[in-house]
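A closer look at the structure
So you can see what is in the structure, the chains are spelled out below.
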Amino acid sequence: MKITRDEARRIAQLAHLAFDDASLDRMAEEMTKILTYIEQLREVEGGGQAILPVQSTPLREDEVRPGVPREKVEANAPAWRDGHFLVPKVIE
């Protein structure tokens, strides 16, 4: 599958990225290489087996346990006031 410069421009706009024409050409080429590689992986015979075996994640049983005492939490908090963590403002 070949990605054109216009498709690369559209993808960049969706991702809120800005590229000049040379960069768009390079990105289109790189995306084409990635999609070609994915197509090659799809064609590989797995002999009835999945190429990447699916493994389940072992889960532990849910157990009710006591929480951490508030005094310990407060002692380890970098900033604490009125029962709440204080964090730096990140959005203006």
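Up top is the structure these notes are about.
An account of the accompanying structure is given in this report.

1. Thoughts on the pattern of salt bridges
Counted under the stated rule, the structure contains five salt bridges. Where Asp25 meets Arg5, a salt bridge forms, and the shortest distance between an N and an O atom there is 2.8 Å. With a gap of 20 residues between them, Asp25 in helix H2 (residues 21–43) and Arg5 in helix H1 (residues 5–14) connect regions that are remote in the sequence. What makes Asp25 partly exposed here is its relative accessible area of 35%.

2. Some points on the environment of Ala12
The topology assignment puts Ala12 in helix H1. Ala12 sits in the buried class, given a relative accessible area of 6%. Considering only alpha carbons, one finds Ala12 and Leu24, 12 residues apart in sequence, at a separation of 8.5 Å. Other than its neighbours up to four places away in sequence, Ala12 contacts Leu17 and Phe19.

Conventions used here
- Residues numbered from 1 in each chain as written.
- Predicted model: local features only at pLDDT ≥ 70, side-chain atom pairs only at ≥ 80, totals over all residues.
- Heavy atoms only, no water.
- Salt bridge = Lys/Arg side-chain N within 4 Å of Asp/Glu carboxyl O.
- Helix = DSSP H or I, 4+ residues; strand = E, 2+ residues; numbered from the N terminus.
- Buried < 20%, exposed > 50% of the residue type's maximum accessible area, 1.4 Å probe, protein only.
- Contact = heavy atoms within 4.5 Å.

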